[in-house]
Every structure is written in structure tokens, then in C-alpha cells.
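Summary of structural features
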Amino acid sequence: MRVVLGVAGGIAAYKACSLLRLLTEGGHDVTVVPTAGALRFVGEATWAALSGKPVHTDVWSDITEVPHVRLGQQADLVVVAPATADLLARAATGQADDLLTNVLLTARCPVVVAPAMHTEMWEHAATQANVATLTERGVHVVPPASGRLTGRDTGPGRLPEPEELYAVCARLLARTPPASPTSSVEMPPTRAVDGVSPRSDRRGGGAGDLTGRRVVVTAGGTREPLDPVRYLGNRSSGKQGHALAEVAAARGARVTLISSSSLLPPPGVEVVRVETALDLEAALAEVAPGADAVVMAAAVADFRPAEYAAHKIKKTHASGGDGSLDASAPVVTLVRNPDILAGLVQARGDAASPVLVGFAAETGDGNGSVLEHARAKLARKGCDLLVVNEVGLDKAFGRDDNTVHILRRGTDEVTDVGPASKVEVARAVWDAVLPLL
Ligand code: CTP
């Protein structure tokens, strides 16, 4: 496949050399397009030698081949690593002032960007807005890792390891039909290069145990609007649902993530953004039919305000017809939201597919323990698996780790997982889903 590797001007440009090796040794035809800034970190000769191709930064070289259009049009994948704050800004605003930004405007294939910069630059509202714009347009943004940065500082901003970036690229390439024949292109030699030898246990490439499966994951807490500035919500962060989507994609599944969380979606996953329970129900009606599994990790509000006030509810509000002001607290009437999981169980009827997984956040109380409540809920809901986590003010919500019990319908089986990272919990959930597929 034809891959364009864009490299922007950051110190992490050196890591792109390893990514280039992984891509070429994966059998891909890679053209490197550095920015002028990138060449201050790693020189043209390195990119040309490693890719076996000439390297340009501007649109004026090899003009007869119209590279500013051709490279993007013919690519099967464009990956920019590292993407600096400046590159993200130029891409988000559609500028075309060098070869790389031209490629980004002409590419019709999947585009992956891997930002790397100092924490302050990454967290700046301008950078976050640019990332949000690119994500909305379908660009796969690989969030930066946390750790040691160029100086003494540490924090989010590091370029993820080349193997991780390669896995994202391989996953996307595995799903993409070639944009154009590449048979006329000579592959560069694949000599081992000191210090940049590829890992032998490469992930991705559709080789996982969920290959060929289509799965849907819901994530985050729904927000039920009360007026233009207020909503009824809950403490779910969406981290567990996003981890489930990430792990399923890494194991080869085609994943649709329906999310109300503001977290960046994992790369290689199709995302549908929702706010309310009714949005979520509508999104599921579109994508659940034909899916192999639906995992309901979303914390769906059971109730929503009966009425949405079109204008902000003021502290004092007019009462009666005489124009007098009333400062008493308004009464909010709630109505029930549909039980979406129960609806999926009903729609499936006697069919074996999709496998349906519910999540339950429980606290024990006078009427029973966490597990007793969970068993009753599994029987009530009729889904195949119920993943139960014990919640409390300091447990589960927003944290990176989780302790869960996985219950299977019709059996007394309970699989205890954790305390473990949400990614490990996600692995255990997919392990439990697999035999049911
Ligand atoms: N769920 C749903 N629709 C709802 C509420 C919950 O689909 N209106 C799903 C959740 O996504 C989750 C599972 O049902 O997978 C269990 O959610 P939970 O809130 O624990 O269940 P409830 O039936 O609302 O039970 P409770 O009375 O304990 O809140």
C-alpha cells in the first residue's frame, strides 16, 4: 500500500525514522514528506536513504508530476508523526503552504496524526480546538503519551512509541482497498538499521481474534438538557467504554463507538457523538442491526426533564399573570427514558446475534450485596453478560483502574477482574464475549 509519512518539526522526528522502518518492512511503499522544520531535526539524507525515495518539503520540486495533488490522491494512508501544534493549526484551518499541508488537503484516504509537543502547548485551548476540528472531520488522532519531555519536564505530550503508531496504521491499512495500483513502484530495500529494528510481535493488521467481527460500544454518561446551560448528568467519564473500543479495534474488530464522552476516540474506530439517551437510542437503531456484539458501557440516564426550557431558568421567575416575581425553587418534573438495553434484548428475540453486554454500577445496600443486585439485574435485563463494578465516591468513576465481576446469564459463573487498568478490564470483557460469538 502507498503510505505518506508526514513529519513536522519537533524533536520526536527522530522516532519517525523507526516508524518509517516498520512501514517499509511491513511491505508498504512510503513517501516521506517532512516540513522545513522537521529537516532541522532529521536531515533529508536520512529520510531519502530509509525510504529509498527523494524527499521534498515544498510544492515546487518535480513540478511535472504535480506532487502536491498526486501524493495525497494516490495514498492509501497518510500518517503525520510527530504533528506539532503549528502543523495541527495549519491542517485544521486548511492551509496549503507546504507540500505536507497540500497532501492533507488532497488525501481521500484515512489520515492519522500523532501530536507531540510540550504539555502546555497540547493543553492550550487553541490546540485542543484544532484537534477537535480534525477529529470531527474523521482524522484519527493518536493522543500523546505522558512521560518525560525534551527538557526536565514531564506530562502529556510525548509521541507514542513507533510500534504503537505502526499498529494503528496497520489496522487502518488492513481495512482499506488500495487507492491505486502500486505494482510499478519499486520497494525500498529492507536492511536492518542499527537501533531501529522493528518489533517482532507487531500488533494490528487484522490478525486478532476479533477479525471479521463488527462490534458496537457505547460509552460515557448521557446528558439530559434542562435549559440551554444545564443538564442532568452522571459521573461516568467514558474511559471504560473507550478502552473497550480500543481493545476491540486492536484485536481486529470493526468498531463503532457511540460516545457522549469528551475523551478523544481511539484511532481506527468509527465514532458517533451523542448527548442524550434518546440520541443514543437513535444511533444504536442505525448501527446495531447486523452487529456481532453490542457492549453497553454507557451510563444511560433513566429519567430526563419532562420539559426543556428554551431560555435559561432564572433564579427568580414570573409567577401567575400579575407579573410578580417568585424566588422559590422551581420543580423539575422527570419522565422515564427508554431502557435501551432491554429494547435491544427484545429486538433480538430468539436470534443468537448480537451478543449483548450490559454494565452495572452498583452499591450494596440493606436489600442485598453488589453481586445479589447484579444477579437480579442480569435476570431482569436478559442480556448475555453483565459487567458489574462497585461504585462509590472514590471508586470507578473517572479513575484509570477498575474492579469488576463478569456474570454470565444462565450460569453461576463469575469472573473477577482487578483491580486492573480499564484496558485490562476491556480485554477480560472481550475474552468473555468471544466464546459467545
Ligand atoms: N441502560 C440502558 N438504558 C437505560 C438505563 C440503562 O440501556 N435507560 C443500560 C446501561 O447502559 C447498562 C445497563 O443498562 O449497560 C445497566 O444500567 P443500570 O443503570 O445499572 O440499570 P438500570 O436498569 O437503570 O438499573 P438501576 O435501577 O439499578 O439504575
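Scope of this entry: the structure provided in the associated data block.

Calculation notes
- Residues numbered from 1 in each chain as written.
- Predicted model: local features only at pLDDT ≥ 70, side-chain atom pairs only at ≥ 80, totals over all residues.
- Heavy atoms only, no water.
- Buried < 20%, exposed > 50% of the residue type's maximum accessible area, 1.4 Å probe, protein only.
- Helix = DSSP H or I, 4+ residues; strand = E, 2+ residues; numbered from the N terminus.
- Arc of directions from axis to C-beta.
- Contact = heavy atoms within 4.5 Å.
- Pairing = 2+ DSSP bridges.
- Salt bridge = Lys/Arg side-chain N within 4 Å of Asp/Glu carboxyl O.
- Axes fitted to C-alpha atoms, helices over the stretch in contact; angles between N-to-C directions.
- Near = heavy atom within 4 Å.
- Polar contact = N/O pair within 3.5 Å; in protein donor to acceptor, adjacent residues only side chain to side chain.
- Areas by Shrake-Rupley, 256 points an atom, 1.4 Å probe, with all protein chains shown as cover.
- Nonpolar A, V, L, I, M, F, W, Y, C, P; charged D, E, K, R; others polar.

The next thing to look at is helix α11 (residues 277-287). Listing the buried residues of α11 in full gives A277, L280, A283, L284 and V287. Down the axis of α11, the sector holding all buried residues measures 120 degrees, keeping them to one side. Away from its buried face by more than 90 degrees, α11 exposes A285 and E286. Each element contacted by the buried residues of α11 is listed here: β8 (214-219), β9 (224-227), β11 (254-259), β12 (270-273), β13 (293-296) and α12 (340-348).

Further remarks concern the pairing of β11. Consecutive side chains along a regular strand alternate between the two faces of the sheet. Counting buried residues in β11 gives 5 out of 6 residues, a clear majority hidden from the surface. Of the strand pairs in this sheet, β8 and β11 are connected by 6 bridges, and their pairing is parallel. Bridging across to β11, T218 finds its partner in I258. Pairing geometry for β11 and β12, over 4 bridges, is parallel. Looking at the pairing, I258 lines up with V272 of β12.

Glancing now at the pattern of salt bridges. This structure, assessed with the given rule, holds 16 salt bridges. A salt bridge links E161 to K15; its shortest N-O distance comes to 3.4 Å. Of this pair, E161 sits in the loop between β7 (154-158) and α9 (162-175) while K15 sits in helix α1 (residues 13-25), and the two are 146 residues apart along the sequence. Residue E161 is classed as partly exposed on the basis of its relative accessible area, which comes to 36%. Two residues, R213 and D292, come together in a salt bridge whose shortest N-O distance is 3.7 Å. Of this pair, R213 sits in the loop between α9 and β8 while D292 sits in the loop between α11 and β13, placing them 79 residues apart in sequence. Judged by its relative accessible area of 30%, R213 falls in the partly exposed class. Several salt bridges share partner residues, and in doing so they unite D86, R90, D97 and D98 into one network.

Turning to the sheet that holds strand β4 (residues 111-115), a few remarks are in order. Paired through backbone hydrogen bonds, the strands of a sheet run either parallel or antiparallel to each other. Strand order in the open sheet formed by 5 strands is β2-β1-β3-β4-β5, and the pairing between neighbours is parallel. Two strands lie at the open edges of the sheet, namely β2 (29-34) and β5 (140-141), each paired on one side alone. With 4 bridges joining them, strand β3 (residues 77-83) and β4 adopt parallel strand pairing. For V78, the partnering residue across the bridge sits in β4 and is V111. Contacts from helix α5 (residues 85-92) reach β3 and β4 within the one sheet, and its direction differs from that of β3 by about 140 degrees. Seen against the sheet, α9 touches β1 (2-7), β3, β4 and β5 and runs at an angle of roughly 165 degrees to β3.

Let us now look at unusual backbone geometry. The step from A81 to P82 runs through a cis peptide bond, and the omega angle for that step is -5 degrees. Position of P82 relative to the elements: it lies in strand β3.

Let us now look at the site of the ligand. Around the ligand, the structure places 15 residues, and the nearest of them are M296, A298, L341, F359 and K377. M296 is positioned with one of its backbone polar atoms (N or O) 2.7 Å from an oxygen atom of the ligand. A298 is positioned with one of its backbone polar atoms (N or O) 2.8 Å from an oxygen atom of the ligand. The fraction of the free accessible surface of the ligand (570 Å²) that becomes covered by protein chains is 78%. Counting only elements with at least two residues in the shell around the ligand, the list comes to α12, β18 (355-362) and α13 (370-381). Considered class by class, the residues forming the shell around the ligand number 9 nonpolar, 1 polar and 5 charged.

For the rest of this paragraph, the subject is the environment of D431. Tracing the backbone shows D431 in helix α14 (residues 422-433). A sequence separation of 222 residues divides D431 from D209, and the C-alpha atoms of the two residues are 9.5 Å apart. Polar side-chain contacts of D431 include one of 2.8 Å to the side chain of R251.

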